[in-house]
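# Coordinate analysis (summary)
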Amino acid sequence: MSHRVTALLISPQIHLKRIEIARSYHRAANVLWDKANDSGNPFEDCYPVFFAYRHALELYLKMLGNAGEGTQPRKTHEEDGKTSSERNSTSV
């Protein structure tokens, strides 16, 4: 990876989407896995690989959990803790 790409990835002015970040961790885990296997003793380098895969998986799962977001109406602060009949009644 070139210095220019590295600087681009850590720049605070770059706003990546969650899918792009998850894919980046996944790609990094794949590269680390290949290097660990090529080293002849992959067990020494397994923890960074596990971390990267785990973090990618976490981000993918968060996206799945938020997949329906925006399809259902959001509760307002006033609606929190009220029953459905209280929410439906209008108070003046």
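Numbers given for residues are sequential positions, taken from 1 along each chain in its written order. Since the coordinates come from a predicted model, pLDDT governs what is reported: local features require at least 70, and pairs of side-chain atoms require 80 or more to be given and counted, while whole-chain, interface and lining totals use all residues. For the side-chain quantities, the full set of heavy atoms in the structure was used; hydrogens and water were omitted.

This part covers the overall build of the chain. Each helix is a run of H or I in the DSSP string that is no shorter than four residues. Each strand is a run of E no shorter than two, and both are numbered from the N terminus. A tally of regular secondary structure across the chain gives four helices and zero strands. The order of helices and strands in the chain, counted from the N terminus, is α-α-α-α. A total of 92 residues make up the chain; the buried ones form 9% of that total. Within the chain, residue pairs in contact and separated by at least 24 positions form 62% of the contacts whose partners lie at least 6 positions apart. Under the scheme applied here, a residue whose accessible area is under 20% of the maximum for its type counts as buried, over 50% as exposed, and between as partly exposed, the area being computed with a 1.4 Å probe on protein chains only. In what follows, residue pairs with any heavy atoms lying within 4.5 Å of each other are defined as contacts.

Turning our eyes to something else, we now look at helix 2 (residues 18–38). In this scheme, a helix's expected span is set at 1.5 Å multiplied by one less than its residue total. Taking 1.5 Å of rise per residue, the 21 residues of helix 2 would be expected to cover 30 Å, and the 30 Å separating its terminal C-alpha atoms lies within 8% of that figure. By the burial criterion, the buried members of helix 2 are Ala22, Ala29 and Ala36. In a view along the axis of helix 2, the buried residues occupy a sector of 50°, so they form one face of it. Along helix 2, the residues that are exposed and aim more than 90 degrees away from the buried face are Arg27, Lys35 and Asp38. Those residues of helix 2 hidden inside the fold are in contact with helix 3 (46–65). Following helix 2 by one or two positions, Gly40 adopts a phi angle in the positive range, close to 90°. Directions are taken from the helix axis to each C-beta atom, and the arc is the one they span.

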